[in-house]
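# Results of the structural survey
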Amino acid sequence: MSAAPKTGDLTLAGFGLARRRPGVLIGLTLLYLLSLAGGAYAFFVLTGPDFAKLLQPAADGVEQTPPEVLHALQGVWMFEAAVILGALVIGSVGRCMVLRAVLRPEERAFASLRFGGDELRMMALLLMIWVIFGAAGLCLVSLFSGAALTFAAYNPWVGAAIGVFGLVATVVLIAWMAIRFSLAGASTVAERRISFGLEHTSGRGQALFGLGFRVFVITLAVSSIASLLLNPLLQGLMLEIARTGDPARALRAVAPFLALGGPAACILYALNTMVMWAPFAAAYARFTGPEGAPGAAAEAQAA
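The shown structure was predicted, so the numbers you read here are calculated from the model rather than taken from an experiment.

Between two packed helices, what matters for the description is the angle formed by their axes and the separation of those axes. Here helix α4 (residues 117–152) crosses helix α6 (residues 184–191) at 150°, and the two axes come no closer than 10 Å. Classified by the angle between their axes, α4 and α6 sit roughly antiparallel to one another. Between α4 and α6 lies a crossing whose hand is right-handed. Taken together, the residues of α6 that come into contact with α4 (itself represented by Asp-118, Arg-121, Met-122, Leu-125 and Ile-129) are Ala-184, Gly-185, Thr-188 and Val-189. Here the contact of α4 with α6 is built from residues that sort into five nonpolar, two polar and two charged.

It is worth spelling out the packing of α4 against helix α5 (residues 156–180) at this point. Contact geometry of α4 with α5 gives a least axis separation of 7 Å together with a crossing angle of 170°. Viewed along their axes, α4 and α5 adopt a mutual orientation that is roughly antiparallel. Among the residues forming the contact of α4 with α5, the class breakdown is 19 nonpolar, four polar and no charged.

Our next topic: α6. Residue pairs spaced three or four apart in an α-helix point in one direction, given the helix's 3.6 residues per turn. Most of α6 sits out of view: seven of its eight residues are buried. Those residues of α6 that fall on the buried side of the exposure criterion are Ala-184, Gly-185, Ala-186, Ser-187, Thr-188, Val-189 and Ala-190. Among the residues trailing α6, Arg-192 stands out with phi positive, at a value near 55°.

The tendency in soluble globular proteins is for nonpolar side chains to be buried as a group. Leu-28, Leu-99 and Leu-103 are the most contacted members of the largest nonpolar core, which totals 51 residues. Among the elements that make up this core, the one with the highest residue count is helix α9 (residues 247–292) (14 residues). Setting aside chain neighbours within four positions, we find Leu-28 in contact with Gly-94, Met-97, Val-98, Ala-270, Thr-273 and Met-274. Grouped together as the second largest cluster of nonpolar side chains are seven residues, Ala-42, Phe-43, Phe-44 and Leu-237 included.

This next bit is on the confidence of the model for the protein chain. This prediction gives the protein chain a mean pLDDT of 81; 79% of its residues lie at or above 70. The least confident element of the protein chain is helix α10 (residues 297–302), whose mean pLDDT is 48; the most confident is α6, at 92. Across residues 297–303 the pLDDT falls below 50, and counting only partners more than four positions away or on other chains, this stretch makes 15 contacts in the model.

Right, let's get into the packing of aromatic side chains. Per the counting criterion, the structure on display carries four aromatic pairs. Ring centres of Phe-144 and Phe-165 lie 5.6 Å apart, and the angle between their planes is 65°; this geometry places the pair in the edge-to-face category. Of this pair, Phe-144 sits in helix α4 while Phe-165 sits in helix α5, and the two are 21 residues apart along the sequence. Among the residues examined, Phe-165 registers a relative accessible area of 53% and is labelled exposed. Aromatic pair Phe-181 and Phe-196: ring centres 5.3 Å apart, planes at 75°, arrangement edge-to-face. Of this pair, Phe-181 sits in the loop between α5 and α6 while Phe-196 is found in the loop between α6 and α7 (198–201), placing the two residues 15 residues apart along the sequence. Of the residues examined, Phe-181 reaches a relative accessible area of 15% and is grouped as buried. For Phe-196, a relative accessible area of 26% corresponds to the partly exposed category. Feature note: the residues Phe-133, Phe-181 and Phe-196 constitute an aromatic cluster, connected by ring pairs. The positively charged end of Arg-204 is found above the aromatic ring belonging to Phe-287, 4.4 Å away from the centroid.

Calculation criteria
- Throughout, residues of each chain are indexed from 1 in the direction in which the sequence is written.
- The predicted nature of this model means local features are confined to residues of pLDDT at least 70 and side-chain atom pairs, given and counted, to a pLDDT of 80 or more, with totals for whole chains, interfaces and linings taken over all residues.
- Each side-chain value is worked out from all heavy atoms of the structure, with water and hydrogens disregarded.
- The convention used is that axes are lines fitted to C-alpha atoms, helices contributing only their stretch in contact, and that angles between N-to-C directions extend from 0 to 180 degrees.
- Strands here are runs of E lasting at least two residues and helices are runs of H or I lasting at least four, both read from the DSSP assignment and numbered beginning at the N terminus.
- Put simply, angles under 35 degrees are roughly parallel, angles over 145 are roughly antiparallel, angles from 65 to 115 are roughly perpendicular, and the rest are oblique.
- Rotating anticlockwise by less than a right angle from the far helix to the near helix defines a left-handed crossing, while the corresponding clockwise rotation defines a right-handed one.
- Whether two residues are in contact is decided by their heavy atoms: any pair within 4.5 Å suffices.
- Basically, the charged four are Asp, Glu, Lys and Arg, the nonpolar ten are Ala, Val, Leu, Ile, Met, Phe, Trp, Tyr, Cys and Pro, and anything else, Gly included, counts as polar.
- Note on classification: 1.4 Å probe, protein chains only; a residue is buried when its accessible area is under 20% of the maximum for its type, exposed when over 50%, partly exposed between these limits.
- By convention a nonpolar core is built from buried Ala, Val, Leu, Ile, Met, Phe, Trp, Tyr and Cys residues, the set being connected through side-chain atoms within 4.5 Å.
- pLDDT measures the predictor's confidence residue by residue and takes values from 0 up to 100.
- Pairs were defined over the aromatic rings of Phe, Tyr and Trp, the Trp ring being its six-membered one, requiring ring centres within 6.5 Å. Orientation was assigned from the angle between planes: stacked under 30 degrees, edge-to-face over 60, tilted for the rest.
- The criterion is that NZ of a Lys, or CZ of an Arg, lies within 6 Å of the ring centre and within 35 degrees of the ring normal, and then a charge sits over that ring.

Spelled out as structure tokens, the structure:
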């Protein structure tokens, strides 16, 4: 395997893509606005007045019986299940929009927004990666937790040392796996098949680690700003529900603030999606060349 090309100039590929293809940024923003509105609708439909009843006694210091709490939480659990499913679908569509814009730039229709084979393969890929990462993390945590508890019975310091070592080992393993799977999405879209992209990351760990770290810092900053805009609005909505006991009335009370902060946060989340995934799509195009990603060579150079 030849040495990996440098990736430092690909760090800001997402901003470059937003400048060259503003339609993708607009499409992502509309997608996230739709998901935000759908999430709000699902929250009120699935949780209903029972959730408001659960919040109101908590705000007033009144305790509810366990059956009342469980009945109120059923809607919350249904909403959380809907959120996970929505995150899988919306996340797959958003990733594919960015990856397709870089790897198949000739497919410009509808700002690369669609739902088809790419998105279905991305959903399957994400599910498999979630299972792989979850199983690996669970195995390590269980192993080192059991060892730490066993040795702590004889020597607390040894148990603590094993626990710390286990934590560090788990973080290192997850980071290594993230590097190895970092081109999975790009290779899946480019090759039109479910691919972990391991053959493209082999021998390029240092370059991809540097790229991933720089991208992580930027996305953390952008997402933090978006969260500062959106989270206080959602918290205010919950407090208003707890105060009034009427979800519809609470929504009307915070609607003007949501109308301003919601779109702004969605723009930032859309930009964050481009910042997060465009560099790895450009890296895939650079590593594989025109043979691996026909039509993307110019995008990789422009990034």
